[in-house]
Amino acid sequence: MAFTLPPLQYPYDSVEPYIDKETMQIHHDKHHAAYVNNLNAAIEGKSDLAGKSLENLIINIDAVPESIRNAVRNNGGQHFNHSFFWETMAPQGPKEPAGALADAIKAAFGDPETMKKQFNEAGTKQFGSGWVWLSKTIHGKLEISTTANQGSPITEGKTPLIVNDLWEHAYYLKYQNRRADYLAAWWNVINWVKVADRFSK
Ligand SMILES: [Fe+2]
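Residues numbered from 1 in each chain as written. Predicted model: local features only at pLDDT ≥ 70, side-chain atom pairs only at ≥ 80, totals over all residues. Heavy atoms only, no water.

## Digging into unusual backbone geometry
Move 1: Omega for the bond connecting Glu 16 with Pro 17 falls within 30 degrees of zero, at 0°, which places this linkage in the cis form.
Move 2: Mapping Pro 17 onto the fold places it in the segment before α1 (21-43).
Move 3: One non-glycine residue with positive phi stands out, namely Asn 149, at about 55°.
Move 4: When you line up the elements, Asn 149 lands in the loop between β2 (142-148) and β3 (159-165).
Move 5: Accessibility expressed as a relative area gives 40% for Asn 149, which makes it partly exposed. (Helix = DSSP H or I, 4+ residues; strand = E, 2+ residues; numbered from the N terminus. Buried < 20%, exposed > 50% of the residue type's maximum accessible area, 1.4 Å probe, protein only.)

In structure tokens form, the structure reads like this:
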């Protein structure tokens, strides 16, 4: 079994000016590719792991042999998060959530702008590298959280809906130390259609 780098479903320069082409190229073709390569190197020759999905590996990380557990946790987690992240973005589409998703956001936060504000604040406050999420809990409630490094809400039984990447490699070329500016601008390229699809499942 080998994992593969999913191709970006839109051109590298199509999310400009919010994210620059060079950042997208390095982020996808170098950073994400390296996580996939390192994951494959870690599980090479481990036939007992063959056929397991990426989610299965991450959620049941204790079933992975200890000698490669950290490599699988780190690189598998980053592979999952980045694949999810690329799909959370689209160069075009509706600017606001609709339907049942909009209703749930309204119920949990009052309105989309308040949700975005809380999401951005959580992402700005996250110390060091990590990710900021909007997830659906097992009780169907919407919740904002952050994870450090490669962490994901799926290990807590939550269904992630939105993610943004807080690693400096996601924004440093254009925004340098201004993570808050990156987080605010990023909402211009959110894929609300995909988020609604995740919410409905
Ligand atoms: Fe990243």
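## Details of the pattern of salt bridges
Move 1: Scanning all chains against the criterion turns up seven salt bridges.
Move 2: Put simply, Lys 117 and Glu 121 hold a salt bridge, and the shortest N to O gap is 3.5 Å. Highlighted residues: Lys 117 and Glu 121, both in helix α5 (residues 112-125), separated by four residues, approximately one helical turn.
Move 3: Residue Glu 121 is classed as partly exposed on the basis of its relative accessible area, which comes to 38%.
Move 4: In the salt-bridge network here, residues are joined through shared partners; they are Glu 143, Glu 156 and Lys 158. (Salt bridge = Lys/Arg side-chain N within 4 Å of Asp/Glu carboxyl O.)

## Some points on the domain arrangement of the protein
Move 1: Looking at the assigned domains, one finds that the protein contains domain 1 (20-87) and domain 2 (99-200).
Move 2: Of note, the centres of domain 1 and domain 2, computed from C-alpha atoms alone, are 21 Å apart.
Move 3: At the junction of the two partners, domain 1 supplies 20 residues and domain 2 supplies 25 residues.
Move 4: Together, the buried faces of domain 1 and domain 2 total about 1800 Å²; carbon and sulfur atoms form 65% of this surface.
Move 5: The largest contributions to the domain 1 side of the interface with domain 2 come from Asn 81, Phe 84 and Phe 85, which together make up 34% of the buried area.
Move 6: Summed over the shared surface of domain 1 and domain 2, the number is one salt bridge.
Move 7: Our enumeration of links across domain 1 and domain 2 arrives at eight residue pairs in polar contact (both at pLDDT 80 or more). (Domains from an automatic or database assignment. Contact = heavy atoms within 4.5 Å. Buried area = accessible area lost by both parts, 1.4 Å probe. Polar contact = N/O pair within 3.5 Å; in protein donor to acceptor, adjacent residues only side chain to side chain.)

## Thoughts on the coordination of the iron ion
Move 1: Coordination of the iron ion by the protein involves His 27 (NE2), His 82 (NE2), Asp 165 (OD) and His 169 (NE2), with metal-donor separations of 1.9 to 2.1 Å.
Move 2: Classification of the site at the iron ion rests on its four donor atoms, whose angles at the metal span 90 to 127°, yielding the label tetrahedral.
Move 3: Here the donor residues for the iron ion map to a single chain with the spacing H-x54-H-x82-D-x3-H. With His 82 in helix α3 (residues 66-87) and His 169 in the loop between β3 and α6 (172-175), the pair connects residues that are 87 residues apart, well separated along the chain.
Move 4: Residue His 169 is classed as buried on the basis of its relative accessible area, which comes to 17%. (Donors = N, O, S within 2.8 Å, 3.2 Å for Na, K, Ca; no water. Tetrahedral: all angles 85-135°; square planar, octahedral: opposite > 155°, others 65-115°.)

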